[in-house]
Amino acid sequence: MIIEARNIVKNFGTLQVLKGIDFTAEKGEVVSIMGASGAGKSTLLQILGTLSTPDEGSLVIDGTDVLRLSSRELSDFRNRSIGFVFQFHHLLPEFTALENVMIPALIAGRSDKDARAEALELLEMMGLKERTTHKPAELSGGEQQRVAIARALMNHPSVLFADEPSGNLDTRTKEEIHNLFFSLRDKLGQTIIIVTHDPDLAKMCDRSLYMRDGQFVEDYLSK
């Protein structure tokens, strides 16, 4: 089991956003989480990705009880073990595609030479071999998202979390990004958890869970 979350509760003031969520994922599994806006999907993803702390519950990722880590330990764990892909890329505009991808490795203390070599490999895997020196403003939306995915994979994360990763892309580019996730699973054995409104992407996943009012209500399009 790569992720095991039990009885996850999250409150914002008097509003209970997550109401005792249980969630597990196996290594190499691709799981989508669907639901209407406000159902709690992104809040759950932030907790699973250690960006937010639950008010109650337990969370073990790749054998580590992350809720027991100090702030420094958690930051190190997140950089080493978790990758994030967001709807709006969050690339640094002043850096090239190659430099953006290298950043997590440099933060982790890897050498410039090692980081550069692996970043080039990842960008080639993403089909961006000829775009490594381009800055984000010189790239299409789909290309920017591929750079963001390469960056997320830089430190060989145990889990890749994606929040609406194709939400602002055109239909053709969206399909390319969807297929890329499953290619990564096949090539790297990558575990991927995706929050999405896209039913086509949900159908491609090994499991799709549906949230309503802070709870999972059913296995949706489960395979």
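Here the structure is a predicted model, which is why all the values come from computation and not from measurement.

*Asks:* Got a minute to help me understand the overall build of the protein in this structure?
*Replies:* The helix and strand inventory of the protein stands at 7 helices and 10 strands. Here the C-alpha radius of gyration of the protein, 17 Å, is about what a compact globule of 223 residues would show, namely 17 Å. In terms of overall dimensions, the protein has C-alpha extents of about 50 × 40 × 30 Å along its principal axes. Counting only residues that meet the buried cut, the protein has 50% of its 223 residues in that class. Surface accessibility of the protein: about 10600 Å² in total, with carbon and sulfur atoms responsible for 47%. Put simply, the protein has 25 plus and 32 minus side-chain charges, and the middle of one group is 1 Å from the middle of the other.

*Asks:* Even after reading the chapter, I still don't get the environment of aspartate 76, so can you show me in this structure?
*Replies:* Mapped onto the elements, aspartate 76 comes out in helix 2 (residues 71–81). Separated by 41 residues in the primary sequence, aspartate 76 and glycine 35 place their C-alpha atoms 31 Å from one another.

*Asks:* Explain the packing of helix 5 (residues 141–152) against helix 6 (residues 171–188) to me, please; I cannot follow it from the model alone.
*Replies:* Each packed pair of helices is defined by two parameters, the angle between the axes and the distance between the axes. Axis separation between helix 5 and helix 6 bottoms out at 10 Å; the angle between their running directions is 20°. Comparing their axes, helix 6 and helix 5 come out roughly parallel. Along this stretch, helix 5 crosses helix 6, giving a crossing that reads as right-handed. Between helix 5, through Gly142, Gln145, Arg146 and Ile149, and helix 6, the contact on the second element is made entirely by Thr173, Glu176, Ile177, Leu180, Phe181 and Leu184.

*Asks:* Could you clarify how one ought to interpret the pattern of salt bridges in this entry?
*Replies:* When the charged atoms of two side chains with opposite charge come close together, those side chains can pair. Taken as a whole, this structure holds 11 salt bridges when the rule is applied. Residues joined in a network through salt bridges with shared partners are Arg110, Asp114 and Glu118.

*Asks:* Is there a simple way to explain the environment of lysine 129 in this structure?
*Replies:* Secondary-structure assignment places lysine 129 in the loop between helix 4 (112–125) and helix 5. When the C-alpha atoms of lysine 129 and leucine 98 are compared, they prove to be 9.7 Å apart, with 31 residues separating the residues in sequence. Filtering out sequence-adjacent residues up to four positions away, lysine 129 remains in contact with Leu123 and Glu124.

*Asks:* I would appreciate a short explanation of the environment of isoleucine 103 in the present structure.
*Replies:* On the secondary structure map, isoleucine 103 appears in helix 3 (residues 97–107). Sequence spacing of isoleucine 103 and alanine 119 is 16 residues, and the spatial spacing of their C-alpha atoms is 9.4 Å. Contacts of isoleucine 103, omitting those with residues within four sequence positions, involve Leu92 and Phe95.

*Asks:* Can you help me understand the packing of helix 3 against helix 4 in this one?
*Replies:* For the pair helix 3 and helix 4, the least separation of the axes is 8 Å and the interaxial angle reads 125°. Here helix 3 is positioned oblique relative to helix 4, judged by the angle of their axes. As for how helix 3 packs across helix 4, the hand of that crossing is right-handed. On helix 4, the residues that touch Ala97, Leu98, Val101, Met102, Ala105 and Leu106 of helix 3 are Asp112, Ala115, Arg116, Ala119, Leu120, Leu122 and Leu123. In terms of residue class, the contact of helix 3 with helix 4 is made up of 11 nonpolar, no polar and 2 charged.

*Asks:* How should helix 3 be read in this particular structure?
*Replies:* Think of an α-helix as turning once every 3.6 residues; residues three or four places apart then point the same way. Those residues of helix 3 lying buried are Ala97, Leu98, Asn100, Val101, Met102, Pro104 and Ala105. On its buried side, helix 3 packs onto helix 2, helix 4 and helix 5. At the C-terminal side of helix 3, glycine 109 shows a positive phi close to 90°.

Definitions and cut-offs
- Residues numbered from 1 in each chain as written.
- Predicted model: local features only at pLDDT ≥ 70, side-chain atom pairs only at ≥ 80, totals over all residues.
- Heavy atoms only, no water.
- Helix = DSSP H or I, 4+ residues; strand = E, 2+ residues; numbered from the N terminus.
- Rg over C-alpha atoms; globule rule 2.2 N^0.38 Å.
- Buried < 20%, exposed > 50% of the residue type's maximum accessible area, 1.4 Å probe, protein only.
- Areas by Shrake-Rupley, 256 points an atom, 1.4 Å probe, with all protein chains shown as cover.
- Lys, Arg positive; Asp, Glu negative; His and termini not counted.
- Charge placed at Lys NZ, Arg CZ, Asp CG, Glu CD.
- Axes fitted to C-alpha atoms, helices over the stretch in contact; angles between N-to-C directions.
- Parallel < 35°, antiparallel > 145°, perpendicular 65-115°, else oblique.
- Left-handed = near helix turned anticlockwise from the far one by under 90°.
- Contact = heavy atoms within 4.5 Å.
- Salt bridge = Lys/Arg side-chain N within 4 Å of Asp/Glu carboxyl O.
- Nonpolar A, V, L, I, M, F, W, Y, C, P; charged D, E, K, R; others polar.

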